[in-house]
Amino acid sequence: MYIQTSWLGEFFKHSLLLAGAVVVLLPFYLMLSYSMKSPAEIETNTGGFFGAQQIMTDNRCVKVGNPEEDCLKRPIVYNYTAAFKEAPLVRYMLNGVFVTVSIFIIQVIIALPCAYALSKLRFWGRNVVFGMVIFCLLIPVHAIALPLYIMLAKVGLTNTYAALIVPWSISVFGIFLMRQFFMTVPDDLIDAARMDGMSEFSIVWQVMLPTAVPALLAFGIFSVVAHWNDYYWPRVVITGNKDLMTPPLGLRMFKSDMDGNEYGPMMAATTVIVLPLVIIFLLAQRRFIEGITMTGMK
Amino acid sequence: MGRSKAHYWFVGPAILLMLLLLIAPVVVAAALSMTDYSLGNSGFNWIGWENYEKLFTRRSYSKMFTASLTYVLLVVPISVALGLGSALLISSLRIGGELYKAIFFLPVMATLLAMAIVWEFALNPIVGVVNDILRSGCDKSVIYGFLSGSWLGYDPLESWYGSACEKKFPLWLGDRKYALGTIAFIGIWQAFGFNMVLYLAGLTSVPRELYQAAQMDGADSAWERFKLVTWPMLGPTHVFVITISSIRSFQVFDTVEALTEGGPSKSTYVMIYAMFEKGVRQNLLGMGSAITIVFLIFVLILTLVQVYFVNRKVHY
Amino acid sequence: MASIALSRVTKSYGGQSVINGVDLDIHDGEFLTLVGPSGCGKSTTLRIIAGLETQTAGDVSIDGSLVNETRPSLRDLAMVFQSYALYPHLTVRQNLITPLRLRDLNFWERFPLLGHLVPSRRAKMAQIEKEVQLVSETLKIEPLLARKPGQLSGGQRQRVALGRAMVRNPAAFLMDEPLSNLDASLRVHMRAELSALHKKLKTTFVYVTHDQAEALTMSDRIAVMMDGDLLQLGSPEEVYQNPQDIRVAEFIGSPKMNILPGYCDELGNITCAGFSLDGTLEIPSPGPVSVGFRPEHLTLTEPNADQSLAGKLTYKENLGSDVFFHITQEGIEGSIIIRAQPLISTPQQPGDIIHCTPVPGKPLVFGPDGQRLDFKALAQSGTSS
Ligand SMILES: Nc1ncnc2c1ncn2[C@@H]1O[C@H](COP(=O)(O)OP(=O)(O)OP(=O)(O)O)[C@@H](O)[C@H]1O
Ligand SMILES: [Mg+2]
């Protein structure tokens with residue numbers, strides 16, 4: 001944007017943005033800081049960012065009957081070990097990875113050929129199908145969670161991985177995005193492949209898939225972020241079975257199971273769940289921002 | 001190509017899944033909203049418009065609409081304004097723009113439910129840092145004077161800050177007066193970075209030459225150029241950002257479920273949460289479906305408004 | 001109307017110099033063209049004149065007064081942009097009104113809605129409307145006034161952009177490649193229109209283009225720029241016939257001037273491509289030189305003629321009115337182009353050996369540093385070009 005800036009103006013802008021940044025970063029700071037502090041430090045808001053890391057007694061450990069000297073720990077160690085012990089965090093994370101990756105793969109398997117057909121094949125009813133895609137774009141999946149839940153309950157699929165994955169297997173948005181992308185791919189490329197004797201199936205997977213990598217990457221980021229962070233849908237279809245819980249749902253259970261004051265372990269668990277995406281984001285910032293905005297057109 | 005039958009295999013699964021997972025549920029919801037269906041019951045009765053009648057007459061549902069609409073009316077304007085403001089500031093910076101961009105986008109990426117829990121701790125009336133920080137200003141005369149308005153000649157005890165210092169700071173999520181605002185604050189915190197990025201994209205598509213033309217034409221101040229070039233050129237972005245923010249904030253659930261469960265006294269009883277509570281928790285699927293249908297109609301209206309604006313106002 | 005003067009203007013972007021001390025006097029009322037290859041700094045120079053860019057060093061003055069610190073809007077210049085830069089959300093009429101509105105109405109009169117209540121606004125708006133009307137009549141864009149730029153053709157947009165510049169009655173027009181987005185025939189047409197407009201308005205025009213044909217046809221004077229330097233300033237004829245720098249010689253003229261390596265002896269005699277030129281250098285500079293022949297300054301001759309340049313015909317380019325022969329010679333890079341009348345050209349076929357000889361007095365000699373050397377042709381009886 002074309003604005004001539006003076007140094008004073010520059011200073012003013014930075015102060016405004018810095019103030020904003022402080023508010024935005026506050027919870028991240030607190031999360032990391034609390035995950036390292038002892039309960040006393042949390043209660044009194046002392047200890048700076050890292051806490052004093054004074055050896056503390058793990059009350060729970062003592063209650064179980066261990067000798068006191070075996071239960072002395074640094075707060076940071078206590079918080080993180082407690083988080084992993086109290087909640088099956090590893091299981092949650094693996095579930096999260098399994099569910100998001102499965103969803104993405106299935107979405108691509110369904111959407112890519114459909115998008116190819118809609119953009120590059122001429123067949124009777126093509127416009128009807130495309131119209132249907134546009135219509136379905138209007139339906140937010142979260143809004144129809146209830147009937148989906150009923151349907152899944154009727155076929156006995158609640159509390160299964162299938163319940164977490166199947167409803168997301170179709171991404172009309174993915175179809176739309178891929179179709180727009182394929183429209184820009186020259187027909188000559190496909191005709192050349194046909195001349196080489198490729199079948200339509202091989203064209204989809206050997207010609208279109210490689211050309212679509214940038215679009216797929218953007219869509220992948222969008223899909224993975226959305227489903228890793230999704231809390232609503234797992235909340236509806238998973239009731240009580242911790243083996244199936246995804247990270248946000250697991251964290252929620254952890255919160256309600258806890259006796260209120262164990263902020264340290266709670267924040268340690270939160271950190272473990274939030275950090276992977278945040279780190280990947282910081283590493284591939286530009287791609288993420290591009291991916292989310294490009295697909296934000298939803 | 002007409003000879004090949006490949007397209008059946010290509011579009012077939014997608015059509016099937018669309019029908020099964022998107023269109024059928026809408027039909028099912030529409031049908032069930034006219035019944036008193038519950039899971040586990042063998043049958044159900046057709047009860048016509050009764051669910052809808054309740055929806056528009058019962059007090060708890062009017063609270064639901066109030067909560068949802070208030071939430072949207074708080075979050076959308078503020079997060080859009082903050083998004084636009086920060087995009088304008090960032091794009092005019094000489095250095096550091098990328099850093100702010102990454103920071104403001106962080107909440108969009110982070111798991112909302114997890115961050116909501118952190119906010120809950122921060123807002124805890126006893127040990128939370130927010131009230132701690134506010135309290136610490138009470139005995140610093142400069143801050144106290146500024147925030148309580150006494151520098152403008154007002155009675156400090158009349159002001160919000162002054163009286164809070166005297167008595168106590170709000171319970172935030174536990175207080176009917178503040179709960180929805182607090183939830184909305186978290187919503188804004190989470191969403192404005194997304195709007196910012198959309199606006200930044202919009203801003204880069206404004207040709208530089210237009211700003212130069214405006215300068216030649218006599219638009220000397222940044223404000224004049226904003227009025228003449230930036231604001232109108234962002235037309236399509238505005239429409240898009242506003243619609244998407246509205247649809248997203250209508251769908252607020254995570255923060256409400258984790259922090260207030262609709263309370264206190266239903267002040268944060270937003271639609272999706274109501275749908276969840278009625279349908280899943282209380283197994284009143286007929287009622288839940290009725291809320292679903294009303295919700296879908298809201299989203300449809302929003303989208304139609306968007307389409308209208310895209311086709312009309314923003315047409316160059 | 002105004003004269004514009006640049007003195008020792010430099011511009012650098014982050015240490016990288018893009019304009020290296022340009023001195024340029026633009027006379028009142030003249031049509032001056034800044035021409036040069038892409039990236040040579042023409043637009044930057046123009047934007048410095050406009051005030052959209054501040055020079056790193058040097059002075060810009062308009063009508064004798066220094067404007068280094070003057071805002072673009074107060075320099076009383078109007079600019080036509082390459083992409084036209086019309087406000088896409090405003091109608092043509094509003095586009096034309098905007099500069100006047102911003103200049104003539106004060107803050108309160110411009111205020112949204114409330115501005116309409118200010119009594120003085122009315123009379124001013126009526127005056128503005130009148131001026132807009134006048135300009136749109138001149139440019140014949142009246143039927144377009146209610147449309148938006150998106151609904152106009154390229155040529156129409158071009159006209160509206162001109163109109164927006166004209167309504168203000170500026171002291172000078174600055175134009176940055178205004179015709180480059182038009183198709184070839186429309187471009188030729190608009191050249192004539194712009195020239196006519198210049199005659200009519202009698203205002204200073206500063207015109208930027210990378211198209212040397214445009215520069216030659218329209219301007220009173222041409223300023224040739226390259227790599228941030230102003231190489232030559234002069235009338236189109238002068239720049240074409242008397243280029244002072246080998247880069248100017250190569251840039252101006254189409255097809256390009258043939259440059260052949262030559263050698264100068266102690267006496268100032270020059271040999272080149274196997275024959276010696278009729279003439280000597282005023283100040284002999286022994287050593288290698290470059291000799292330039294324009295395609296029209298080489299004539300086909302009989303094979304046995306002495307002092308001829310021989311080469312193999314590789315390609316015959318027939319344009320109808322002219323035929324260009326491309327010939328190559330051992331030891332010379334690229335091809336030599338000869339322009340001939342279609343009648344003369346018929347018998348030769350690609351592969352034939354062709355002979356030609358330069359028109360006496362026309363070859364241009366450049367020293368190893370690219371500067372023009374003073375070459376005097378021998379007085380010859382009976383030859384004139
Ligand atoms: N804002 C800028 N920052 C850095 N370099 C720039 C900037 N603007 C222009 N330049 C550089 O200055 C040089 C001159 O640019 P300018 O736009 O004046 O070229 P030009 O002669 O108008 O070329 P063209 O015919 O392609 O328009 C170019 O090398 C360009 O890369
Ligand atoms: Mg240029």
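Residues numbered from 1 in each chain as written. Chains lettered and ligands numbered in written order. Predicted model: local features only at pLDDT ≥ 70, side-chain atom pairs only at ≥ 80, totals over all residues. Heavy atoms only, no water.

Take the overall build of chain C next. Counting its regular elements, chain C contains 10 helices and 22 strands. Principal-axis analysis of the C-alpha atoms gives chain C an extent of 90 × 45 × 40 Å. Burial status across chain C gives 49% buried among its 385 residues. Only carbon and sulfur atoms are counted for the fraction: they give 51% of the accessible area of chain C, which is about 17900 Å². Put simply, chain C has 36 plus and 42 minus side-chain charges, and the middle of one group is 14 Å from the middle of the other. (Helix = DSSP H or I, 4+ residues; strand = E, 2+ residues; numbered from the N terminus. Buried < 20%, exposed > 50% of the residue type's maximum accessible area, 1.4 Å probe, protein only. Areas by Shrake-Rupley, 256 points an atom, 1.4 Å probe, with all protein chains shown as cover. Lys, Arg positive; Asp, Glu negative; His and termini not counted. Charge placed at Lys NZ, Arg CZ, Asp CG, Glu CD.)

Along its length, chain B carries 15 helices and 0 strands. Against the 2.2 N^0.38 benchmark of 20 Å for 316 residues, chain B shows a C-alpha radius of gyration of 25 Å, more extended than a compact globule. In terms of its C-alpha atoms, chain B occupies a principal-axis envelope of roughly 70 × 60 × 30 Å. Split into buried and exposed, the 316 residues of chain B put 57% on the buried side. A total of about 13600 Å² of accessible surface is found on chain B, and carbon and sulfur atoms cover 66% of it. Side-chain charges of chain B comprise 23 positive and 19 negative groups, with the mean position of each set lying 6 Å from the other. (Rg over C-alpha atoms; globule rule 2.2 N^0.38 Å.)

As a packed pair, helix α11 (residues 200-211) of chain A and helix α1 (residues 6-32) of chain B sit with axes 8 Å apart at the nearest point and diverge in direction by 55 degrees. Viewed along their axes, α11(A) and α1(B) adopt a mutual orientation that is oblique. Packed against α11(A), whose contacting residues are Glu200(A), Phe201(A) and Val204(A), the element α1(B) presents Ala6(B), Trp9(B) and Phe10(B) at the interface. Looking at side-chain class alone, the contact of α11(A) with α1(B) contains 5 nonpolar, no polar and 1 charged residues. (Axes fitted to C-alpha atoms, helices over the stretch in contact; angles between N-to-C directions. Parallel < 35°, antiparallel > 145°, perpendicular 65-115°, else oblique. Contact = heavy atoms within 4.5 Å. Nonpolar A, V, L, I, M, F, W, Y, C, P; charged D, E, K, R; others polar.)

What follows is about the environment of Pro347(C). Here Pro347(C) shows up in the loop between α10 (342-345) and β19 (353-358). For the pair Pro347(C) and Thr328(C), spaced 19 residues apart in the sequence, the C-alpha separation amounts to 18 Å.

Moving on: α1(B). Residues and elements named next belong to chain B. In a regular helix each residue adds 1.5 Å, so 27 residues correspond to 39 Å; α1 covers 38 Å between its end C-alpha atoms and thus fits that length. Taken as a whole, α1 carries its principal kink of about 40 degrees at Ala-24; the proline Pro-25 stands between one and four residues after it. Ala-6, His-7, Phe-10, Val-11, Ala-14, Leu-17, Met-18, Leu-21, Leu-22, Pro-25, Ala-29 and Leu-32 are the residues of α1 that are buried. (Expected span 1.5 Å × (residues − 1). Bend = angle between axes of the 7 residues up to and from the residue.)

Residues and elements named next belong to chain C. Overall, mixed pairing links the 6 strands, which are arranged β6-β7-β8-β3-β9-β10 in an open sheet. In the strand order of this sheet, the two ends are held by β6 (77-80) and β10 (229-234), each with one partner. The average undirected angle you get between the axes of adjacent strands in this sheet is 15 degrees. Here strand β9 (residues 221-226) runs beside β10; their pairing, made up of 5 bridges, is antiparallel. Residue pairing across strands places Met-225 opposite Leu-230, the latter belonging to β10. Across the sheet, helix α6 (residues 184-201) lies against β3 (31-35), β7 (172-176) and β8 (204-209), angled at about 160 degrees from β8, the strand it touches most. (Pairing = 2+ DSSP bridges.)

When the domains of chain B are assigned, the result is domain 1 (59-125 + 171-313) and domain 2 (138-169). Its C-alpha centre places domain 1 of chain B at a distance of 31 Å from the equivalent point of domain 2 of chain B. (Domains from an automatic or database assignment.)

A few words on the sheet that holds strand β18 (residues 336-340) of chain C. Residue and element names in this part refer to chain C. As summarised here, the arrangement of the 5 strands in space is β15-β19-β16-β17-β18, forming an open sheet in which the pairing is antiparallel. Bordering the open sheet on either side are β15 (298-300) and β18, each of which pairs with just one other strand. Strand-to-strand twist in this sheet, taken as the mean axis angle between neighbours without regard to direction, amounts to 50 degrees. Here 4 bridges tie strand β16 (residues 309-318) to β19, and the two strands are oriented antiparallel to one another. Note on β19: the bridge partner recorded for Lys-312 is Ile-353.

A few words now on the domain arrangement of chain C. Where interface size is quoted, it is often the accessible area lost as the parts come together. Each domain of chain C was delimited in the assignment, giving domain 1 (4-241) and domain 2 (256-380). The distance between the C-alpha centroids of domain 1 of chain C and domain 2 of chain C comes to 42 Å.

With that settled, consider unusual backbone geometry. The peptide bond linking Ser254(C) to Pro255(C) adopts the cis configuration, its omega dihedral lying at 0 degrees. Its place among the elements puts Pro255(C) in the loop between α9 (246-251) and β11 (258-264). For Lys266(B), which is not a glycine, the phi torsion comes out positive at approximately 60 degrees. Summarising the element assignment, Lys266(B) is placed in the loop between α13 (254-260) and α14 (271-281). Overall, Lys266(B) belongs to the partly exposed group, its relative accessible area being 30%.

For β15(C) and β19(C), the ladder comprises 3 bridges, and the chain directions are antiparallel. Bridging from a neighbouring strand, Leu298(C) pairs with Pro358(C) of β19(C).

Here we come to the site of ligand 1. Residues and elements named next belong to chain C. The environment of ligand 1 is made up of Tyr-13, Val-18, Ser-38, Gly-39, Cys-40, Gly-41, Lys-42, Ser-43, Thr-44 and Glu-177. Within the side chain of Ser-38, an N or O atom sits 2.5 Å from an oxygen atom of ligand 1. Against a free-state accessible area of 630 Å², the protein chains account for coverage of 60% of ligand 1. With 3 residues, the top contributor of residues to the shell around ligand 1 is helix α1 (residues 42-50). Considering only residue class, the shell around ligand 1 consists of 3 nonpolar, 5 polar and 2 charged. (Near = heavy atom within 4 Å. Polar contact = N/O pair within 3.5 Å; in protein donor to acceptor, adjacent residues only side chain to side chain.)

The next thing to look at is the interface of chain A and chain B. Counting residues at the interface gives 95 residues for chain A, matched by 98 residues for chain B. Both sides together, the interface formed by chain A and chain B hides about 8800 Å², and carbon and sulfur atoms give 78% of it. For the interface between chain A and chain B, the tally reads 5 salt bridges. As a salt-bridge pair, Glu261(B) and Arg252(A) come within 3.4 Å of each other at their nearest N and O atoms. Taken together, the connections running from chain A to chain B amount to 15 residue pairs in polar contact (both at pLDDT 80 or more). Here the element with the most residues in the side of chain A that touches chain B is helix α1 (residues 7-34) of chain A; it accounts for 18 residues. (Buried area = accessible area lost by both parts, 1.4 Å probe. Salt bridge = Lys/Arg side-chain N within 4 Å of Asp/Glu carboxyl O.)

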